[in-house]
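# Tertiary structure, described
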Amino acid sequence: MNYPPSLPAGHSPGRFSAVLVVTAWLCSAVIGQEAGVSAPVRIESGVSGHIHPALCRSTKGTLVATFCKKEFMPHLITRSTDGGRTWSPPALFPPTDKIAIYPGSLTTLADGRLLHCWNVWFAPEEKLKSRYVAFSLSSDDGLTWSTPVNLAKNADPKIHSVIRHPIVELSPTAWLLPLADRTVLYNPQTGAEKSFGDGTSHGLVPFVRTPAGTLISGKGQRSTDGGQTWQPIKPFPDVFTQGWRHQMMGLKNGWLLASQIVGPGVGGDVIHFIVSRDDGQNWDLAHPVEFYNPGRPIGGRACPRTVEIDAGTLGTIYYDTDEKQPGGSGVFFRTMRLKR
């Protein structure tokens, strides 16, 4: 920055410094507006532990989110009918109000129902805890939920069966389940499981099916034949490491989006979004889009989850456990213009 050789008449150095600070703040605010990221909306406060939000948008436009306020419980649900500007007070999710859970995922099915999957803690023997997946369905935009259905536990209780990402609905009788211990096709009408594609277990990573029918695995692989064969994608955002923490999603315009968390420590310093515009073949790692940068280490792992609100707007839920931020730890929602 080029400074004037002398101060304007009547301006002291202290006053001039204050002007510079205010000017810098105003420029920052304008840049933020141009970047298209809204101010965060606080959904909940006083959170800690495995918070890990999930988010979906119903066919009617309702946003539904779930998360844990504290470790294991309470497991809460909240809804927004105005694009995320306001949210209902977080309430207990009825099917899990008396059990210890690890958070899961939300998916909007083709028939309009909402699918919520979560992970149940259980103790197969003394001093050992494990997890299995359960799910429930809603036909009224998340107001009421069906009796939970349990998926099969792993035969070895030391191997946790966990879900953290939306399922891929290949058909009404074929749900692609990206579980930590197996990648399978599940028939919700019969409860039967079978191997998916070539039988490879991809681990706890997200899957996306593009408008062209291509499958993208968070393992950094791409398949154009329904998972029978896979080709590596290089370079690829680091979605695989701590795959439960990251996200990957497809947009209606054909673009794909993945999260990238930059910086050391538990939560890193900045959340970036990385975009692919050619059916997942190439990812624009050279031009990351900054979504969240609090100017300090992020408290907790953030676990962003994003949905497409409309043709020009994305909405993301995330959390930050830093108690020194205004209002203390919390779960937040903010929007971003797709033009970015």
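Please refer to the structure higher up on the page.
Rules used in this analysis
Residues numbered from 1 in each chain as written. Predicted model: local features only at pLDDT ≥ 70, side-chain atom pairs only at ≥ 80, totals over all residues. Heavy atoms only, no water. Helix = DSSP H or I, 4+ residues; strand = E, 2+ residues; numbered from the N terminus. Buried < 20%, exposed > 50% of the residue type's maximum accessible area, 1.4 Å probe, protein only. Areas by Shrake-Rupley, 256 points an atom, 1.4 Å probe, with all protein chains shown as cover. Phe/Tyr/Trp six-rings, centres within 6.5 Å; stacked < 30°, edge-to-face > 60°. Polar contact = N/O pair within 3.5 Å; in protein donor to acceptor, adjacent residues only side chain to side chain. 1 Å grid on protein atoms, 1.4 Å probe; cavity = no way out; pocket = protein on both sides within 12 Å on 5 of 7 lines; lining within 4 Å. Points joined across faces, edges and corners; volume = space filled by probe spheres on them. Nonpolar A, V, L, I, M, F, W, Y, C, P; charged D, E, K, R; others polar. Pairing = 2+ DSSP bridges. Axes fitted to C-alpha atoms, helices over the stretch in contact; angles between N-to-C directions. Contact = heavy atoms within 4.5 Å.

Per the secondary structure count, the protein includes one helix and 24 strands. For the protein, with 340 residues in total, the buried portion stands at 49%. As displayed, the protein offers around 15,800 Å² of accessible surface, 56% of which is attributable to carbon and sulfur atoms.

With that settled, the discussion passes to the packing of aromatic side chains. Aromatic ring pairs: the centre-centre distance and the angle between the two ring planes describe each pair. Across all of its chains, the model carries 15 aromatic pairs by this definition. Judged by centre distance (5.4 Å) and plane angle (75 degrees), the ring pair of Phe93 and Trp118 falls under edge-to-face. Of this pair, Phe93 sits in the loop between strand S5 (91–92) and strand S6 (101–108) while Trp118 sits in strand S7 (residues 114–125); the two residues are 25 residues apart in sequence, bridging distant segments of the chain. Taking the relative accessible area as the measure of exposure, Trp118 reaches 1% and is therefore buried. The interplanar angle of 85 degrees and the centroid separation of 5.6 Å between the aromatic rings of Phe291 and Tyr318 together place this pair among those described as edge-to-face. Of the two residues, Phe291 sits in strand S21 (residues 289–292) while Tyr318 sits in strand S23 (residues 313–320), which places them 27 residues apart along the sequence. For the pair Phe291 and Tyr318, one class covers both residues: buried.

Here we take up the side chain of His52. Relative to the helices and strands, His52 resides in the loop between strand S1 (41–45) and strand S2 (54–57). Here Tyr102 takes part through its side chain, which lies 3.5 Å from a polar atom of the side chain of His52.

The volume enclosed by the largest pocket comes to roughly 1,100 Å³. As for the largest pocket, its lining consists of 39 residues, and the residues nearest its centre are Thr107, Thr108, Pro166, Ile167 and Gly250. Elements represented by at least two residues in the lining of the largest pocket include exactly S2, S6, strand S10 (168–171), strand S14 (207–209), strand S18 (248–250) and strand S22 (305–310). It is S6 that provides the largest number of residues to the lining of the largest pocket, a total of five residues. Here the residues of the lining of the largest pocket sort into 20 nonpolar, 12 polar and seven charged.

A few words on the pairing of S23. For S23, the tally of buried residues reaches eight of eight residues, placing the bulk of the element in the interior. Taken together, S22 and the strand that follows it, S23, pair antiparallel across an intervening segment of two residues. Across eight bridges, the pairing between S23 and strand S24 (residues 330–337) is antiparallel. Following the sheet pairing, Tyr318 is matched in S24 by Phe332.

Moving on to the sheet that holds S21. Strand order in the open sheet made by the four strands is S18-S19-S20-S21, with antiparallel pairing throughout. Edge positions in the open sheet fall to S18 and S21, since each of these has one partner strand only. On average, each strand axis in the sheet is inclined to that of its neighbour by 30 degrees, with strand direction left out of account. In this structure, strand S20 (residues 270–276) lies alongside S21, joined through three bridges in antiparallel fashion. Looking at the pairing, Phe273 lines up with Val289 of S21.

A word on unusual backbone geometry. Note that the residue after Met73, namely Pro74, is joined by a cis bond; omega there is 0 degrees. In this fold, Pro74 is placed in the loop between strand S3 (63–68) and strand S4 (75–80). Across the junction of Lys234 and Pro235, the peptide omega takes the value -5 degrees, indicating a cis bond. On the secondary structure map, Pro235 appears in the loop between strand S17 (231–232) and S18. The phi dihedral of Lys127 falls on the positive side, at around 65 degrees, and the residue is not glycine. Residue position: Lys127 is located in the loop between S7 and strand S8 (128–138). In this structure, Asp279 is a non-glycine residue whose phi angle is positive, near 65 degrees. Take Asp279: it is sitting in the loop between S20 and S21.

Glancing now at the environment of Asp269. Position of Asp269 among the secondary structure elements: in the loop between strand S19 (256–262) and S20. With 27 residues separating them in the primary sequence, Asp269 and Arg296 have C-alpha atoms 6.1 Å apart. Beyond its immediate chain neighbours, meaning those up to four positions away, Asp269 contacts Val262, Gly263, Pro264, Tyr292, Asn293, Pro294, Arg296, Pro297 and Ile298.

None of the figures reported here should be taken as evidence of function without further support.
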